[in-house]
Amino acid sequence: MYRFVEHTAELEVELEAGSAEGVLLEALHAFADLVDGGDGEKLERQVVLSAGDLPALLAAWLDELLFLAETEQLVPDGAELRVAGTTVEGVVRGRRGEPRPLVKAVTLHRLRFGPRDGVWTGRVVLDV
Amino acid sequence: MSELVRIDETTWELPAREGMRVPARVFADDEILAEIEGDLSLDQLCNVATLPGVVEAAIAMPDIHQGYGFPVGGVAATELPDGVVSPGGVGYDINCGVRLLALPLSEPELGDRREALVHEISRAVPAGAGKHGRRALAPTALDAVLHDGPRALPGVREDDVERTESRGRLEGADPAAVSERARLRGHDQLGTMGSGNHFVELQVVEQLLDEASARTFGLAAGQVTVLVHSGSRGLGHQVCTDYVKLMDAQLARYRIHLPDRQLACAPASSVEGRRYLAAMAAAANFAWANRQAIADGVRRAVAAVLGADVARGTEQVYDVAHNVAKVETHGGRRVCVHRKGATRAFPAGSDEIPAAYRDVGQPVFIPGSMGTASFVLAGEPGALERSFGTTCHGAGRRLSRTAARKRVQGSELRRELEARGIVVRCPSPKGLAEEAPLAYKDVDRVVRVVEQAGLARRVARLTPLGVVKG
């Protein structure tokens, strides 16, 4: 599950899933919702990302999706991921399109990602 | 925040407490203050006041609103050499800013060519979605832009460069401090506007509030103008991302404790601090070149619709940055002034101002929101005395994008604007609704506050004829 919460200037997203991989997938769907417009050829890209801690891994993941959208016009629609510690590895799938250049960056403000009471949750503020 | 102490009609202070090294100072009237207290912007301002080396006060302009780390509409000066520099205090869109062009014709002379001109501008200045309209720069050409700003572009007009803050080039820019990832994001984005609150707006000078200064800036009542709002695009966004990450990882090493991770910083004299300032300067130069390329696009559109003579006679009034950190001297101290959603506003006499404007003060442009007014201001001496030579940068948001969409639909807003004679070009109805006038504070009120506070004075009020949004 992902939902956008009130923030005066930027976009704050709350994420929840049964696993770390699930939260990252929810983040992908939230990002795809914001950029719209992938109806071209199918694309697949391998990703291997590491960070100093779990919240930074969530930021790095979204930063990678943003990079792929800007440089390859990849609008993501799914991924196969494996999280081990503070590393994520896998494949991002989507279509080439004209992603709306709305999201500028992924901030560390109010950033959260981890397990709590049997579920995994995340929160991230995007600069738009 | 009940602890706010009223200093005078438009100045409020929150005394230093709980880790704050300096007080927090806010410029606002009662109504604006009530709006400011509706979100977390004052908490964020107090967090800024904890930064190592911060001097005098963490300052908020009347357009302040909640951001990430620093509030938008915030100013913080840190004393050099060892005060910190914080990439988040500049923001991801390094040197986001505004450029005003003045056309050599009046609204009646433009007549029924208004829609054609707005349409042509929308073709000449792409938002940057997909590959449409992008021109890739070779690595050496990109290096030149990062180092020299607009001067590196072919055929650039010297009068444009002269009428740009810092003449479009920050000293100390080092292309080698800009990552490959940032280059990949930005190399084909020059001349693109971006999305969100970025725009190109066709306007008319509706009212002159200081005729002599307006004349000096080349503005007359009824004249047609074009206001460009854009920044450093993906290149600048990535530079900030890279250095926030780097400094976040080094906080323990410098024994810096922060209330918000996004305030990540390092001493300006450290390796990380110096390298960030060099990369930020390069991204700022890229942004000035971007607005130059957009202005070239606008002139091409003007030539196509109104003729080559009108395009040649389209003069740049000025170009100001509102997301940048600069090394300046204030009160005898060398400081790094972070302006995040805030505009430099030096008064008359400053040698930082183009010679032609030196007797009246630096021009400042305050975009309102789509469908409302924008203002041309001039810097006043009070800015140097009270806000490190700074004034506001816009109306300031009061509603989130979600809240704006709940109140108005894009199609409805488009009809409303068109009924008022404003031509709209925006591919996304959702994006249009998110930037609706009701999402912003009253810009007239905001500029009255900065005038009353002695930071800048009103010179001219501009109203929209057409808007192009990404």
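Residues numbered from 1 in each chain as written. Chains lettered and ligands numbered in written order. Predicted model: local features only at pLDDT ≥ 70, side-chain atom pairs only at ≥ 80, totals over all residues.

Colleague: It is not clear to me how the overall build of chain B should be interpreted in this structure. Could you clarify?
Modeller: Counting secondary structure elements, chain B contains 16 helices and 19 strands. What you see for chain B is a C-alpha radius of gyration of 21 Å, in line with the 23 Å of a compact globule of 470 residues. Looking at chain B residue by residue over its 470 residues, the buried ones come to 63%. Of the contacts formed within chain B by residues at least 6 apart in sequence, a portion of 78% connects residues at least 24 apart. (Helix = DSSP H or I, 4+ residues; strand = E, 2+ residues; numbered from the N terminus. Rg over C-alpha atoms; globule rule 2.2 N^0.38 Å. Buried ≥ 20, exposed ≤ 12 C-beta atoms within 10 Å, placed from the backbone. Contact = placed C-beta atoms within 7 Å.)

Colleague: What's the story with the sheet that holds strand β5 (residues 70–79) of chain B in this structure? I'm lost.
Modeller: Note: strands within a sheet are paired through backbone hydrogen bonds, in either parallel or antiparallel orientation. Residue and element names in this part refer to chain B. Ordered in space as β1-β2-β3-β4-β5-β13-β12, the seven strands form an open sheet in which the pairing is mixed. Two strands bound the open sheet, and with one partner strand each, they are β1 (5–8) and β12 (323–330). Between one strand axis and the next, the sheet turns by 40° as a mean value, whatever way the strands run. Bridge count for β5 against strand β13 (residues 333–340) is six bridges, and the pairing is antiparallel. Residue A77 lies in a different strand from β13, and its bridge partner there is V337. (Pairing = 2+ DSSP bridges. Axes fitted to C-alpha atoms, helices over the stretch in contact; angles between N-to-C directions.)

Colleague: Teacher, can you tell me more about the pairing of strand β8 (residues 199–208) of chain B here?
Modeller: A regular strand places its side chains on the two faces of the sheet in alternate fashion. Residue and element names in this part refer to chain B. Judged by how many residues are buried, β8 sits mostly within the fold: seven of ten residues are covered. Direction of pairing for β8 relative to strand β9 (residues 223–230): antiparallel, over a ladder of six bridges. Along β9, the bridge assignment pairs V200 with V228. Pairing of β8 with strand β19 (residues 456–469) involves nine bridges; the strand directions are antiparallel. Within β19, the residue paired with L208 across the bridge is A460.

Colleague: Where do I start with helix α5 (residues 139–148) of chain B in this structure?
Modeller: An α-helical segment advances 3.6 residues per turn. Residues three or four places apart therefore align on the same side. Residues and elements named next belong to chain B. All of the buried residues in α5 are L142, V145 and L146. The buried residues of α5 occupy one face: seen down the axis, they fall within an arc of 95°. Check the buried side of α5 and you find it contacts α7 (180–186) and α10 (271–306). G149 sits one or two residues past α5 and shows a positive phi near 65°. (Arc of directions from axis to C-beta.)

Colleague: I'm lost on the environment of B:W288 in this one. Help?
Modeller: All names here are of chain B. On the secondary structure map, W288 appears in helix α10. We classify W288 as buried; it has 31 C-beta atoms within 10 Å. When the C-alpha positions of W288 and A266 are compared, they lie 26 Å apart, and in sequence the two are 22 residues distant. Non-local contacts of W288, meaning those with residues more than four positions away in its chain, are made with N95, G149, P150, T164, G168 and D319.

Colleague: Hey, could you run me through the interface of chain B and chain A in this one?
Modeller: As a measure of interface size, the accessible area lost when the parts come together is often cited. Contact residues are listed per partner, giving 39 residues for chain B and 28 residues for chain A. Of all the secondary structure elements, the ones that give two or more residues to the side of chain B that touches chain A are β4 (58–68), α7, α9 (233–250) and α13 (401–407) of chain B. Residue contributions to the side of chain B that touches chain A peak at seven residues, all from α9(B). In terms of residue class, the side of chain B that touches chain A is built from eleven nonpolar, 18 polar and ten charged. (Nonpolar A, V, L, I, M, F, W, Y, C, P; charged D, E, K, R; others polar.)

Colleague: Sorry, what's going on with the pairing of strand β1 (residues 2–5) of chain A here?
Modeller: Of the strand pairs in this sheet, β1(A) and strand β2 (residues 11–17) of chain A are connected by four bridges, and their pairing is antiparallel. Bridging from a neighbouring strand, A:R3 pairs with A:E14 of β2(A).

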